[in-house]
Amino acid sequence: MATLELKNLRKTYLTEEIIKGVSLSIEDREFVVFVGPSGCGKSTLLRMIAGLEDISNGDLLIDGQRVNDIEPGHRGLAMVFQSYALYPHMNVYKNMEFGLKLAGMPEAERREKITAVAKTLQLETYLHHKPGQLSGGQRQRVAIGRAIVRNPKVFLFDEPLSNLDAALRGQMRVELASLHRKLGATTIYVTHDQVEAMTMADKIVVLQKGVVEQVGSPLELYHHPRNMFVAKFIGSPPMNFLPATLIGREHSSSIIEFASGSSMHVPVYSSAVAEGSKVTVGIRPEHIEVVEAGEGSGKVEVVERLGALTLLHIRLANGQLIVVQTDGSDTSEIDSRVGLHLPSEHCHIFAEDGLAFEALNRHPLAA
Ligand SMILES: Nc1ncnc2c1ncn2[C@@H]1O[C@H](COP(=O)(O)OP(=O)(O)OP(=O)(O)O)[C@@H](O)[C@H]1O
């Protein structure tokens, strides 16, 4: 049982503030993913939780107890690193045993634990191998095993799969997700890969420049991004953005006009944005419909056939390139002209400062 509470956590290196007041509640058994571009501070935040970095300001609570000044080894956490950090001269068994020995666990108990964990992770036949004799995926499993045997309250993962090739990463993603279901331990997982975040998280925390941009379930972030940053970061290929002007409102819809002169009603509304303001319309590649070429059509520049899906890169009259996802049976040819239909229920509108209209009418950080 472990809950975590981050209260306005801050981290300053010399004069630069890297973590700028992060507040967050993590529930027992929750799988939380910190995601964001390189340098946004996600590893620093994880290391502050682990106790490997001092907290400059704010409070960190584990199970309601303030742990800012508690040594890493006494916080009940176990961390798995990107680099595995295994002892190269020790075999798999000894790597897993090391921490238990330090903690003074009797030998019989150590053996029992390691045997059980090796079985869970399918490492039984490798217990006498040194890390150098193992594949990347096996090494990562040993690193995870070493964390599990300690029976921590909270697992911390720092980009554990980024050294693996794509196929193995996909496989380990599934293994980690099922391991989490089995162990039920509260988990915090750092990655810059939004696919990992979407597929594994109960709750995603999107960070940018040391600030939380949004917290929500994968589908909340996908359907209701709070701003253009989250909209662009979550979803692959990313959302398309088209410049437009807000020309009016009707009931709870906004009327927007594109540079081409065409206009549409979008069923989102904000009282905070004046008519005549520049806005951005966002629509995901999978929501745009290809129709017969007509007014406002575009030219197909690149076709990526992925088997089940086809991605069309289409040049619009204003020079902008957008991406449209269609199905595998799409027969569009390069240089052909196609028309595009943007279903209004799938359109997002962002104000000039990047905030979604939806979010402007809601509580600041809620999805
Ligand atoms: N010990 C340090 N001294 C000074 N600055 C640091 C230190 N550690 C990290 N930083 C800075 O803090 C910022 C956040 O780094 P951090 O490693 O947390 O980012 P990240 O989001 O995990 O990035 P990545 O995905 O590239 O690992 C970066 O600008 C980095 O240069």
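Residues numbered from 1 in each chain as written. Predicted model: local features only at pLDDT ≥ 70, side-chain atom pairs only at ≥ 80, totals over all residues.

Let us now look at the sheet that holds strand 17 (residues 309–315). Pairing is antiparallel across the open sheet formed by five strands, whose spatial order is 15-19-16-17-18. Edge positions in the open sheet fall to strand 15 (289–291) and strand 18 (321–327), since each of these has one partner strand only. Taken pair by pair, the neighbouring strands of this sheet meet at an average axis angle of 50 degrees, ignoring direction. The sheet contact formed by strand 16 (residues 298–305) and strand 19 (residues 337–341) spans two bridges and is antiparallel. Of the residues in strand 19, the one forming a bridge with Lys299 is Arg337. (Pairing = 2+ DSSP bridges. Helix = DSSP H or I, 4+ residues; strand = E, 2+ residues; numbered from the N terminus. Axes fitted to C-alpha atoms, helices over the stretch in contact; angles between N-to-C directions.)

On to the UniProt feature "domain: ABC transporter" (unreviewed entry) in the chain, then. When the UniProt feature table is mapped to this numbering, "domain: ABC transporter" (unreviewed entry) covers residues 4–234. Helix makes up 36% of residues 4–234 and strand 26%, with an end-to-end C-alpha separation of 25 Å. (UniProt positions renumbered as here; feature names shortened; annotations may be inferred.)

Taken together, the buried positions of helix 2 (residues 92–102) are occupied by Val92, Tyr93, Asn95, Met96, Glu97 and Leu100. Where helix 2 is buried, its residues contact helix 3 (107–120) and helix 4 (136–148). Backbone geometry just after helix 2 places Gly104 at a positive phi near 80 degrees. (Buried ≥ 20, exposed ≤ 12 C-beta atoms within 10 Å, placed from the backbone. Contact = placed C-beta atoms within 7 Å.)

With that settled, consider the domain arrangement of the chain. What the domain assignment lists for the chain is domain 1 (4–231) and domain 2 (289–341). For domain 1 versus domain 2, the separation of C-alpha centres amounts to 41 Å. (Domains from an automatic or database assignment.)

Our focus in this paragraph is the site of the ligand. Around the ligand lies a shell formed by Tyr13, Ile18, Gly36, Ser38, Gly39, Cys40, Gly41, Lys42, Ser43, Thr44 and His192. Each residue belonging to the shell around the ligand can be placed in one class, and the counts come to three nonpolar, seven polar and one charged. (Near = placed C-beta within 6 Å. Nonpolar A, V, L, I, M, F, W, Y, C, P; charged D, E, K, R; others polar.)

Looking at the element boundaries, Tyr87 is found in the loop between strand 6 (77–80) and helix 2. Note: C-alpha distance between Tyr87 and Lys130 (43 residues apart in sequence) is 8.7 Å.

With that settled, consider the pairing of strand 4 (residues 57–62). On a regular strand, each side chain points to the face opposite its neighbour's, so the side chains alternate between the two faces of the sheet. Sheet topology note: the strand 1 (residues 4–13)/strand 4 ladder contains five bridges and is antiparallel. Following the sheet pairing, Leu4 is matched in strand 4 by Ile62.

For helix 5 (residues 166–183), built from 18 residues, the straight-helix expectation of 26 Å at 1.5 Å per residue is met to within 8% by its first-to-last C-alpha distance of 25 Å. Following helix 5 by one or two positions, Gly184 has its phi on the positive side, about 65 degrees. (Expected span 1.5 Å × (residues − 1).)

Once that is clear, we can look at the nonpolar core. Val33, Phe34, Leu156, Ile188 and Val279 are the most contacted members of the largest nonpolar core, which totals 91 residues. In terms of domain composition, this core takes at least three residues from each of domain 1 (4–231) and domain 2 (289–341). (Core = buried A, V, L, I, M, F, W, Y, C linked by C-beta atoms within 7 Å.)

Glancing now at the environment of Lys94. Structurally, Lys94 can be placed in helix 2. Judged by the 15 C-beta atoms lying within 10 Å of it, Lys94 is partly exposed. For the pair formed by Lys94 and Leu127, sequence separation is 33 residues and the distance between their alpha carbons is 8.3 Å.

The geometry of helix 2 relative to helix 3 is characterised by a closest axis approach of 10 Å and an angle of 135 degrees between their N-to-C directions. By the angle between their directions, the pair helix 2 and helix 3 is classed as oblique. Where helix 2 crosses over helix 3, the two elements pack in a sense that is right-handed. Across the interface between the two elements, Tyr93, Met96, Glu97, Leu100 and Lys101 from helix 2 touch Arg110, Lys113, Ile114 and Val117 from helix 3. (Parallel < 35°, antiparallel > 145°, perpendicular 65-115°, else oblique. Left-handed = near helix turned anticlockwise from the far one by under 90°.)

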